[in-house]
Amino acid sequence: SQQGEEDPQALSIQEGENATMNCSYKTSINNLQWYRQNSGRGLVHLILIRSNEREKHSGRLRVTLDTSKKSSSLLITASRAADTASYFCATEGLAGGFKTIFGAGTRLFVKA
Amino acid sequence: KAGVTQTPRYLIKTRGQQVTLSCSPISGHRSVSWYQQTPGQGLQFLFEYFSETQRNKGNFPGRFSGRQFSNSRSEMNVSTLELGDSALYLCASSLVVDREENYGYTFGSGTRLTVV
């Protein structure tokens, strides 16, 4: 089973709106990462948040991490059509280290 | 600087054959991981190499193997191919400091393998 599970599976919004995606995981982690993938290409690293951090910003991205709930959220503000992609969370666990496990992803569609 | 390079981009093989995929990481990255991506299973972790040593392995059969060379380039081999091995194989490299901390992966564009 997946370590990380994204929610929702798919999201459709209008350009200019905010998009929020959630990720839940099962075991303790070193860090949690978010990636974007366009049309079956390689993934692009967006942001990494460590287990001792609660919030992190990068441009229009805001990531939160709640280790007590084992969950994270990715907020994309003022979305653009170019943000249309699949978004994955990935966790690097404390146990069985040196592997990063990916969730199934959220497909985001931003309508122009 | 150059990104992660995977070759070939596309490959068609017949059941029972074997295949070798190649990955050149970003210069200075010593950690290389491999993932299999299929529509039904998402991204599945295959293995991770650091300084020519396999540090972790996913839940794949022994037909899947890999290695890393002294220049950090990595190869992945799949023997006795099955139809279910058709997938996008992604390689990712990472700058790992002190062998413990991952700064996030840079992915290649992948090799799309089709087994017929």
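Above this text you will find the structure in question.
This one's a predicted model, so the numbers in the text were calculated from it and none came from an experiment.

## Points about the overall build of chain A
For step 1, the next point in the chain: A count of helices and strands for chain A gives 0 helices and 11 strands.
For step 2, the next point in the chain: When its helices and strands are written in sequence order, chain A yields β-β-β-β-β-β-β-β-β-β-β.
For step 3, the next point in the chain: A globule of 112 residues ought to have a C-alpha radius of gyration of about 13 Å, and chain A, at 13 Å, matches this closely.
For step 4, the next point in the chain: When burial is assessed residue by residue, chain A has 44% of its 112 residues classed as buried.

## Topic: the state of the cysteines
For step 1, the next point in the chain: By the definition in use, this model includes 2 disulfides over all chains.
For step 2, the next point in the chain: Two residues share a disulfide in this structure: Cys-23 of chain A and Cys-89 of chain A, whose sulfurs sit 2.0 Å from each other. Every disulfide takes its handedness from the sign of the S-S torsion; for Cys-23 of chain A and Cys-89 of chain A that torsion is 65°, giving right-handed. A residue pair is termed long-range when its members are at least 10 positions apart, and Cys-23 of chain A in strand β3 (residues 19–25) and Cys-89 of chain A in strand β9 (residues 85–93) qualify at 66 residues.
For step 3, the next point in the chain: What pairs with Cys-23 of chain B in a disulfide is Cys-91 of chain B, and their sulfur atoms sit 1.7 Å apart. When the S-S torsion is -55°, as for the bridge of Cys-23 of chain B with Cys-91 of chain B, the disulfide is left-handed. Of this pair, Cys-23 of chain B sits in strand β3 (residues 19–24) while Cys-91 of chain B sits in strand β9 (residues 87–97), and the two are 68 residues apart along the sequence.
For step 4, the next point in the chain: Relative accessible area serves as the criterion here: at 0%, Cys-91 of chain B is assigned to the buried category.

## A closer look at the environment of Ala-10 of chain A
All names here are of chain A.
For step 1, the next point in the chain: Relative to the helices and strands, Ala-10 resides in strand β2 (residues 10–14).
For step 2, the next point in the chain: On the accessibility criterion, Ala-10 (54% relative accessible area) is exposed.
For step 3, the next point in the chain: Between the C-alpha atom of Ala-10 and that of Gly-105, which follows or precedes it by 95 residues, the distance is 8.5 Å.

## Here we look at the pattern of salt bridges
For step 1, the next point in the chain: Applying the stated rule across the entire model yields 8 salt bridges over all chains.
For step 2, the next point in the chain: The partner of Arg-60 of chain A in a salt bridge is Asp-83 of chain A, and the shortest N-O contact between them spans 2.9 Å. In this pair, Arg-60 of chain A sits in the loop between β6 (55–58) and β7 (61–66) while Asp-83 of chain A sits in the loop between β8 (71–76) and β9, placing the two residues 23 residues apart along the sequence.
For step 3, the next point in the chain: The partner of Arg-73 of chain B in a salt bridge is Glu-75 of chain B, and the shortest N-O contact between them spans 3.3 Å.
For step 4, the next point in the chain: Accessibility expressed as a relative area gives 25% for Arg-73 of chain B, which makes it partly exposed.

## Concerning the interface of chain A and chain B
For step 1, the next point in the chain: Of the residues lining the interface, 21 residues belong to chain A; the matching set on chain B comes to 22 residues.
For step 2, the next point in the chain: Buried area between chain A and chain B, both sides added, is near 1700 Å², and the carbon and sulfur share of it is 49%.
For step 3, the next point in the chain: On the chain A side of the interface with chain B, the three residues burying the most area are Leu-43, Phe-98 and Phe-102 of chain A, jointly 33% of the side's total.
For step 4, the next point in the chain: Between chain A and chain B we count 0 salt bridges in total.

## A few points about unusual backbone geometry
For step 1, the next point in the chain: Backbone torsion omega between Asp-7 of chain A and Pro-8 of chain A reads 0°, so that peptide bond is classified as cis.
For step 2, the next point in the chain: Residue placement: Pro-8 of chain A occurs in the loop between β1 (4–7) and β2.
For step 3, the next point in the chain: The omega torsion across Thr-7 of chain B and Pro-8 of chain B is -10°, close enough to zero to call that bond cis.
For step 4, the next point in the chain: Residue position: Pro-8 of chain B is located in the loop between β1 (5–7) and β2 (10–13).
For step 5, the next point in the chain: The residue Lys-70 of chain A is not glycine, and still its phi comes out positive at about 50°.
For step 6, the next point in the chain: You can see Lys-70 of chain A is positioned in the loop between β7 and β8.
For step 7, the next point in the chain: Non-glycine residue Ser-51 of chain B carries a positive phi angle of around 45°.
For step 8, the next point in the chain: Following the sequence through the fold, Ser-51 of chain B ends up in the loop between β5 (42–50) and β6 (53–57).

What counts, and at which threshold
- Residues numbered from 1 in each chain as written.
- Chains lettered and ligands numbered in written order.
- Predicted model: local features only at pLDDT ≥ 70, side-chain atom pairs only at ≥ 80, totals over all residues.
- Heavy atoms only, no water.
- Helix = DSSP H or I, 4+ residues; strand = E, 2+ residues; numbered from the N terminus.
- Rg over C-alpha atoms; globule rule 2.2 N^0.38 Å.
- Buried < 20%, exposed > 50% of the residue type's maximum accessible area, 1.4 Å probe, protein only.
- Disulfide = S-S within 2.5 Å.
- Salt bridge = Lys/Arg side-chain N within 4 Å of Asp/Glu carboxyl O.
- Contact = heavy atoms within 4.5 Å.
- Buried area = accessible area lost by both parts, 1.4 Å probe.

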